[in-house]
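Architecture and fold: a report
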Amino acid sequence: MRWATLYARSRQLPVAFAALLVATSGVWFLGRDSWNAVLVALTLTTAVAVAAIGLSGQDPDLDRTAALPWPIRRFAHLALIAIVAGAVVLGVQELGPSAVDASIIVRDAAGLAGLAGLAATMAGGQFGWTLPLAWSAVSALVPRDSSTLSRVLTWALQPAGTPAATWTAVILAATGAAAYTTWGGRR
């Protein structure tokens, strides 16, 4: 077997991809007639959360002693989560009567994947879903006003072209990718 196949199986990527498709399709199906940025954020949070569970293998010691370098694989895995989640949401929304701007989907997918990378680094790969879900849950409760703090906390719900939302997503994506790529999932 090739290393990519072994890596995919050890990280449960086939199951995560199937769950991502089912979750994304399910949320879209329920909200297809009123598709908006809130439903996109919910769909992406769900997609990233189910895919982030495999951000560490069953044996962290084995991961750390591998002969091949892990940082490249870690970065590729995290980037793949963002790319696939964003692509599936972009594809699914085309089936409905309305679509959300692609820049919002790209921004949110990158930021949520960064949050998943941070959660995996701090708590372990099996808890990669916690930060994206927690941030999305809290941001729904924050009053949306014109303050910078509100725009930062609700970055995933902001319209396209909001600098605070874009920079928050970029910082989360870069920080999460750097942390997960460097240190991997916590034991």
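Here's what I pulled together on the structure shown here. Note that this is a predicted model, so its numbers are computed, not measured.

**Observations regarding the overall build of the protein**
Secondary structure summary: the protein contains nine helices and zero strands in total. When contacts within the protein are restricted to residue pairs at least 6 apart in sequence, long-range pairs at least 24 apart make up 71% of them. Of the roughly 9400 Å² of accessible surface on the protein, a fraction of 71% belongs to carbon and sulfur atoms.

**Notes on the packing of helix α5 (residues 70-93) against helix α6 (residues 102-123)**
The contact between α5 and α6 brings their axes to 9 Å, and the two run at 145 degrees. Considering how the two elements wind past one another, α5 and α6 form a crossing that is right-handed. Every residue of α6 that contacts α5 at Leu 78, Ala 82, Gly 86, Val 89, Leu 90 and Gln 93 is listed here: Ala 102, Ile 105, Ala 109, Ala 110, Ala 113 and Gly 117.

**Considering the packing of aromatic side chains**
How two aromatic rings sit relative to each other is given by the distance of their centres and the angle of their planes. For the structure shown, the criterion picks out one aromatic pair. A centroid spacing of 6.3 Å and a plane angle of 70 degrees characterise the contact between Trp 135 and Trp 155, whose relative ring orientation is edge-to-face. Of this pair, Trp 135 sits in helix α7 (residues 130-141) while Trp 155 sits in the loop between α8 (148-153) and α9 (163-183); the two residues are 20 residues apart in sequence, bridging distant segments of the chain. A relative accessible area of 1% places Trp 155 in the buried class. A cation over an aromatic ring shows up here: Arg 32 above the ring of Phe 29, its NZ or CZ 4.1 Å from the ring centre.

**A few points about the nonpolar core**
Core analysis: the largest hydrophobic core is formed by 36 residues, its most contacted members being Trp 35, Val 40, Leu 44, Leu 55 and Trp 155. At the level of elements, α2 (13-31), α3 (37-52), α5, α6 and α9 are the ones that each hand at least two residues to this core.

**Side note on α2**
With 19 residues, α2 extends 27 Å from end C-alpha to end C-alpha; this agrees with the ideal 27 Å at 1.5 Å per step. Inspection of α2 places Ala 16, Leu 20, Ala 23, Thr 24, Val 27, Trp 28 and Gly 31 among the buried residues, and these make up the whole buried set. Taken end-on, α2 shows its buried residues confined to a sector of 125 degrees, consistent with a single buried face. Facing away from the buried surface of α2 by more than 90 degrees, the exposed residues are Pro 14, Val 15, Val 22 and Leu 30. The secondary structure elements touched by the buried residues of α2 are α3 and α5.

**A word on the pattern of salt bridges**
For the structure on display, the rule yields one salt bridge. Put simply, Asp 108 and Arg 107 hold a salt bridge, and the shortest N to O gap is 3.1 Å.

**A few points about the environment of Ala 47**
With respect to the helices and strands, Ala 47 occurs in helix α3. Along the chain, Ala 47 and Val 89 lie 42 residues apart, while their C-alpha atoms are 8.8 Å from each other. Setting aside residues no more than four positions away along its own chain, Ala 47 makes contact with Leu 20, Thr 24 and Ala 85.

**Points about the side chain of Ser 136**
Examined against the element boundaries, Ser 136 turns out to sit in helix α7. Polar contacts involving the side chain of Ser 136 include one to the main-chain carbonyl oxygen of Pro 132, which spans 3.0 Å. With residues up to four places along the chain from it excluded, the contact list for Ser 136 reads Thr 45 and Leu 112.

**Concerning the side chain of Thr 24**
With respect to the helices and strands, the residue Thr 24 is situated in helix α2. On the basis of relative accessible area, Thr 24 is assigned to the buried category, the value being 1%. Ignoring sequence-local partners within four residues, the contact set of Thr 24 consists of Thr 43, Ala 47, Val 88, Val 89 and Val 92.

What counts, and at which threshold
Counting from 1, residues in each chain are numbered in the order their sequence is written. Local features in this predicted model are restricted to residues of pLDDT 70 or higher, and side-chain atom pairs are both shown and tallied only at a pLDDT of 80 or more, whereas totals for entire chains, interfaces and linings draw on every residue. Side-chain numbers here rest on the full set of heavy atoms in the structure, without hydrogens or water. A helix here means a DSSP run of H or I that spans at least four residues, while a strand means a run of E at least two residues long, and both kinds are numbered starting from the N terminus. Throughout, a residue-residue contact means that at least one pair of heavy atoms, one from each residue, lies within 4.5 Å. The protein chains shown are the only cover counted for residues, whose accessible areas, like all others here, come from Shrake-Rupley with a 1.4 Å probe. Where helices are involved, their axes are fitted lines through C-alpha atoms of the stretch in contact, as for all axes, and angles between N-to-C directions lie from 0 to 180°. Should the near helix be turned anticlockwise from the far one by less than a right angle, the crossing is termed left-handed; should it be turned clockwise, right-handed. Between 30 and 60 degrees the pair is tilted, below 30 it is stacked and above 60 it is edge-to-face, where a pair is any two Phe, Tyr or Trp rings, Trp via its six-membered ring, whose centres lie within 6.5 Å. Relative accessibility thresholds used throughout: buried, under 20% of the residue-type maximum; exposed, over 50%; partly exposed, between the two (1.4 Å probe, protein chains only). A ring has a charge above it when a Lys NZ or an Arg CZ is no more than 6 Å from the ring centre and no more than 35 degrees off the ring normal. For our purposes a nonpolar core is just a set of buried Ala, Val, Leu, Ile, Met, Phe, Trp, Tyr and Cys residues, chained together by side-chain atoms within 4.5 Å. Here the expected span of a helix is defined as 1.5 Å times the quantity of residues minus one. Working note: the arc is built from the helix axis to C-beta atom directions. The salt bridge definition used is simple: a Lys or Arg side-chain nitrogen within 4 Å of an Asp or Glu carboxyl oxygen. Polar contacts, as used here, are pairs of N or O atoms within 3.5 Å; protein pairs need one atom able to donate a hydrogen and one able to accept it. Residues neighboring in sequence count only if both atoms are side-chain atoms.

Any functional reading would require information that these geometric values do not contain.
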